[in-house]
Amino acid sequence: MKPLDRARAVTATGALALWMGLTNAMLKYLKSSMRPWLVLAGIGLVAMGVYSLIGERRHAQPDHTHRTGSGGTIGWLLVTPIVIVIAFGANALGTFAVSGPASGLPSYAFDIAQYAASADEHVPKLRIGDIIEGAPERANREYLFTHDVRFIGFVNHVGYAGPRSFIVTRYLISCCAADAIPLSVTINGATTVPENNQWIDITARLQPVPNSAPPQDTFFGPLMRVTKYKPIHEPDGPYESLRSV
Amino acid sequence: MTVAAVSGGDTEAPERKRRNVAGIVWANLALFFLYQESVHRFLAYSGLRHWSTIFLATMLQALPFLVLGVVVGAAISAFVPAVALARALPKRSILAVPVAGLAGALLPGCECSAAPVTNRLVSRGVEPAVALTFLLAAPAINPIVVVATAVAFPNHPEMVWARFIASLATAIIVGLIWSRVAGRKWIRFTTDDHDHGHRLDAFVATATNDFAQAGGFLVVGASLVATMQTVVPAHFLRSLGGSGFAAILTMACLAVLLSVCSEADAFVAAGLIQFSLTARLAFLVVGPMIDLKLIALQIAVFGRAFAARFAPLVFIIAILSSIVVGAVLL
């Protein structure tokens, strides 16, 4: 790789990082707390790339290549992320990695009833993580059994939960999408079942698990009865994070 | 006349070929950009899309840390006099290795920063074993990782200590073994010739060169990670389990294959509750030191001969030290 191409590749990689960091595209891959670092990295790469582009143009010495090292052919691989973003677009994780109930989440110190009392809405907006982590705990479970709650997620049918049922999932990420854990609830009592991959804003109430519950393999997370739902666009921040972090 | 033309063409051919490759790459990129709508529809198959998300997430997560590492490394190379570092460290490696291990706590962030910094430390005259101890310790014992581990294991606060001690012990033991056995052998490092000339030019040239090299290998590592996570389904991981040495070995191998960032691996380990605490400790100790993307980075920076010896050594010492620390603390 010649210094000129190297400078171009570094500039292009910086531009990709800047574009991700300055739009909401990055939220499909990383937590929002990474945004300043991604922007800084982009600025640094573009600055270095442009500086060497100008330098290469100004004094194109014949021995320049040898003096600064070639950077190896491997540097060409830097165009891969750019090609992939152009080819696939920016995509959040979808139904592909949805699987059985999440296990071993950190312990939960969030009082849903107290949160609901302090919130303005009649029906409190929760995260799916609140329902999954809160349900095993007595006070939270009591609240969830007796009140409607609202949350968002995407619909899928990865596990079969019976007719008029579907699964609503959101991924929990702690660093980036590569460490995502799918958090799902099983919804029943729907008059119409939404399409696969459709994001919905749903109001539902926790149900006791019936004795005739399907086996673990097909039963994804807590069972809830739907009160109402409406289709929405995929949110800018498609992932959930832990309350405790 | 024909002979002259042929011989002239021979010397110019590689140069022209290289220029053609460059032209093809840039032209394709432009073409892709213009027709992206139709390409998106073609590639909408969810497995490939999942791959692309994991690949880009791994790249973007590592990018700021790689830039930080490259910039710190280039700054050491361009602005720190060659003798200053060697003078700052204890002369004898038996003392310098533990000092370097503890100094690892100073470089916050992921494992991707450490390799370029280590390379430039070695090229500034620091003994390889000492610099490598820093490389191993930095991602495992810095404050961010300690806090993340404490949050992920609220019911097992001893896990934080176990991880800290086992990681530091691994780094120091590997450093001491390396200083005895290897010295300056096998490791390939960049020789600096920047003591003369323009400092800023040298800084930028070093940084872009290191970034292009390490970034290229990071692409290889991220592709492997994405392929692993796409091909091996999550429920397969849940079906693994067991106890004793088999579980520890399984978790150590998983750490290498999954290549989760050291700031997030505690959350993944916390979720794999079917494994013993010691097995999960092995996951947390091995992961930040040796995994697919780190092996790729280490080949990029230090060469194949180095990685072929260093990676197995670290893997074995990390498992042993997890077993010992796990037996005492967990």
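Residues numbered from 1 in each chain as written. Chains lettered and ligands numbered in written order. Predicted model: local features only at pLDDT ≥ 70, side-chain atom pairs only at ≥ 80, totals over all residues.

**A look at the interface of chain A and chain B**
Now for step 1: Contacts between the two partners involve 65 residues from chain A and, on the opposite side, 62 residues from chain B.
Now for step 2: In terms of residues, the side of chain A that touches chain B owes the most to one element, helix α2 (residues 35-58) of chain A, which gives eleven residues.
Now for step 3: A per-class count over the side of chain A that touches chain B returns 40 nonpolar, 22 polar and three charged. (Contact = placed C-beta atoms within 7 Å. Helix = DSSP H or I, 4+ residues; strand = E, 2+ residues; numbered from the N terminus. Nonpolar A, V, L, I, M, F, W, Y, C, P; charged D, E, K, R; others polar.)

**What about the sheet that holds strand β3 (residues 181-188) of chain A?**
The strands making up a sheet associate through backbone hydrogen bonding, with each pair oriented either parallel or antiparallel.
Residues and elements named next belong to chain A.
Now for step 1: Judged by pairing direction, the barrel is mixed, and its five strands sit side by side in the order β1-β2-β3-β5-β4 before closing back on the first. If you compare each strand with its neighbour and ignore which way they point, the axes differ by 50° on average.
Now for step 2: Note: strand β4 (residues 199-206) against strand β5 (residues 223-232), eight bridges, orientation antiparallel. Each bridged residue has a counterpart across the sheet, and for Trp-199 the counterpart in β5 is Ile-232. (Pairing = 2+ DSSP bridges. Axes fitted to C-alpha atoms, helices over the stretch in contact; angles between N-to-C directions.)

**Observations concerning the pairing of β5 of chain A**
Now for step 1: Pairing geometry for β3 of chain A and β5 of chain A, over three bridges, is parallel. Bridging from a neighbouring strand, Asn-188 of chain A pairs with Arg-225 of chain A of β5 of chain A.

**Describing the confidence of the model for chain A**
Residues and elements named next belong to chain A.
Now for step 1: Averaged over all residues, the pLDDT of chain A is 84; the fraction at 70 or higher stands at 87%.
Now for step 2: Confidence scores differ between elements of chain A, with helix α3 (residues 64-68) showing the lowest mean pLDDT of 44 and β4 the highest of 95.
Now for step 3: The low-confidence segment residues 63-70 (pLDDT under 50) makes nine contacts with residues lying over four places distant or belonging to another chain. (pLDDT = per-residue confidence, 0-100.)

**Here we look at the packing of helix α1 (residues 3-22) of chain A against helix α10 (residues 199-231) of chain B**
Now for step 1: Packing of α1 of chain A against α10 of chain B leaves a shortest axis separation of 10 Å and a crossing angle of 70°. Relative to α10 of chain B, the element α1 of chain A lies roughly perpendicular. Two secondary-structure elements touch here, α1 of chain A through Arg-6, Ala-7, Ala-9, Val-10 and Thr-13 of chain A and α10 of chain B through Thr-208, Phe-211, Ala-212 and Gly-215 of chain B.
Now for step 2: Along the lines of polarity and charge, the residues of the contact of α1 of chain A with α10 of chain B split into five nonpolar, three polar and one charged. (Parallel < 35°, antiparallel > 145°, perpendicular 65-115°, else oblique.)

**Section: α2 of chain A**
In an α-helix, one turn spans 3.6 residues, which is why side chains three or four residues apart end up on the same side.
Now for step 1: The end-to-end C-alpha distance of α2 of chain A, which contains 24 residues, comes to 34 Å, matching closely the 34 Å that a straight helix rising 1.5 Å per residue would cover.
Now for step 2: For α2 of chain A, the complete set of buried residues consists of Leu-38, Ala-41, Gly-42, Gly-44, Leu-45, Met-48, Gly-49, Tyr-51 and Ser-52 of chain A. (Expected span 1.5 Å × (residues − 1). Buried ≥ 20, exposed ≤ 12 C-beta atoms within 10 Å, placed from the backbone.)

**Some remarks on the environment of Leu-249 of chain B**
Residue and element names in this part refer to chain B.
Now for step 1: Note on placement: Leu-249 falls in helix α12 (residues 244-258).
Now for step 2: Accessibility expressed as a C-beta count within 10 Å gives 14 for Leu-249, which makes it partly exposed.
Now for step 3: In the structure, Leu-249 is positioned 34 residues away from Phe-283 in sequence and 9.0 Å away in space, judged by C-alpha atoms.

**Some remarks on the confidence of the model for chain B**
Residue and element names in this part refer to chain B.
Now for step 1: Looking at chain B as a whole, its pLDDT mean stands at 80, while 82% of the residues score no less than 70.
Now for step 2: Predicted confidence in chain B is weakest over helix α1 (residues 2-34), with a mean pLDDT of 64, and strongest over helix α16 (residues 304-329), with 93.
Now for step 3: pLDDT under 50 marks residues 1-11. Its contacts with residues more than four places away, or in other chains, come to zero contacts.

**Observations regarding the pairing of strand β1 (residues 149-156) of chain A**
Residues and elements named next belong to chain A.
Now for step 1: Within β1, seven of the eight residues are buried, which leaves the element mostly enclosed by the surrounding structure.
Now for step 2: Two strands pair when backbone bridges link them, and β1 and β4 are joined in this way by six bridges, in the antiparallel orientation. Bridging across to β4, Phe-154 finds its partner in Trp-199.
Now for step 3: Relative to strand β2 (residues 166-172), β1 runs antiparallel, the two being bridged by three bridges. When the sheet's bridge partners are listed, Val-155 is paired in β2 with Val-168.

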